[in-house]
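Structure assessment
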Amino acid sequence: MKFYVISDNIDTCMGMRLSGMPGTVVHEREEVLRALGQAMDDPEIGIILMTTKTLSLCRETVYQYKLERKSPLIVEIPDRHGSGNIGESIGQYVKQAIGVTI
């Protein structure tokens, strides 16, 4: 099982590469969707790490993958500036999946 990183900045991607995780840097929605699709189709990838900004560019697609597929696991990570509220994303995912607001 491998990790894969989809990031919007080179610093995060390079930091993850130093720990042995390959990845790609993307900035536009189409680039994010392409990278995510390729990672989802790779049977060796077990966990996809996406920065908050990249995930926000295609949130509906990510939620659809999470609801329909068991693997790979998609995990949102904060960007280097710590922006975004991941707790809200988790709450929204739970609400969509089971209809309960937390």
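Structural data are supplied above this passage.
Thresholds applied
Residues numbered from 1 in each chain as written. Predicted model: local features only at pLDDT ≥ 70, side-chain atom pairs only at ≥ 80, totals over all residues. Heavy atoms only, no water. Helix = DSSP H or I, 4+ residues; strand = E, 2+ residues; numbered from the N terminus. Contact = heavy atoms within 4.5 Å. Areas by Shrake-Rupley, 256 points an atom, 1.4 Å probe, with all protein chains shown as cover. Core = buried A, V, L, I, M, F, W, Y, C linked by side-chain atoms within 4.5 Å. Buried < 20%, exposed > 50% of the residue type's maximum accessible area, 1.4 Å probe, protein only. Axes fitted to C-alpha atoms, helices over the stretch in contact; angles between N-to-C directions. Parallel < 35°, antiparallel > 145°, perpendicular 65-115°, else oblique. Left-handed = near helix turned anticlockwise from the far one by under 90°. Nonpolar A, V, L, I, M, F, W, Y, C, P; charged D, E, K, R; others polar. Salt bridge = Lys/Arg side-chain N within 4 Å of Asp/Glu carboxyl O.

All right, on to the overall build of the protein chain then. Scanning the protein chain for helices and strands turns up five helices and four strands. Mapped from its N terminus to its C terminus, the protein chain presents α and β elements in the order β-α-β-α-β-α-α-β-α. Contacts in the protein chain between residues at least 24 apart in sequence constitute 63% of all its contacts with a sequence separation of at least 6. When the accessible area of the protein chain is evaluated, it comes to approximately 6,100 Å², of which 54% is carbon and sulfur surface.

Among the nonpolar cores identified, the biggest contains 15 residues, and I6, L36, I48, M50, C58, V62 and I74 are the most heavily contacted of them. When residues in this core are grouped by element, the largest group, five residues, is from helix 2 (residues 29-41). Beyond its immediate stretch of four places on either side in the chain, I48 contacts Y4, I6, L36, A39, M40, P72, L73, I74 and V75. One finds M16, I47, L49 and I77 within the second-largest nonpolar core, a separate group that totals six residues.

Running from N to C, helix 2 and helix 4 (residues 59-68) point in directions that differ by 15°, and their axes come no closer than 11 Å. Taken as axis vectors, helix 2 and helix 4 run roughly parallel relative to one another. When you trace helix 2 past helix 4, the crossing you get is right-handed. In this structure, helix 2 contributes R29, L33, L36, G37 and M40 to the contact, and helix 4 contributes E60, T61, V62 and Y65. Its residues assigned to classes, the contact of helix 2 with helix 4 comprises five nonpolar, two polar and two charged.

The next thing to look at is the pattern of salt bridges. One pass over the structure, following the stated rule, counts two salt bridges. Ionic pairing is found between K2 and E44, a salt bridge with its closest N-O pair at 2.9 Å. In this pair, K2 is assigned in strand 1 (residues 2-7) and E44 in the loop between helix 2 and strand 3 (45-51), connecting sequence segments 42 residues apart. Residue class for E44 comes out partly exposed when judged on its relative accessible area of 45%. Put simply, R59 and E76 hold a salt bridge, and the shortest N to O gap is 4.0 Å. Of this pair, R59 sits in helix 4 while E76 is found in strand 4 (residues 73-77), placing the two residues 17 residues apart along the sequence. For R59, a relative accessible area of 15% corresponds to the buried category.

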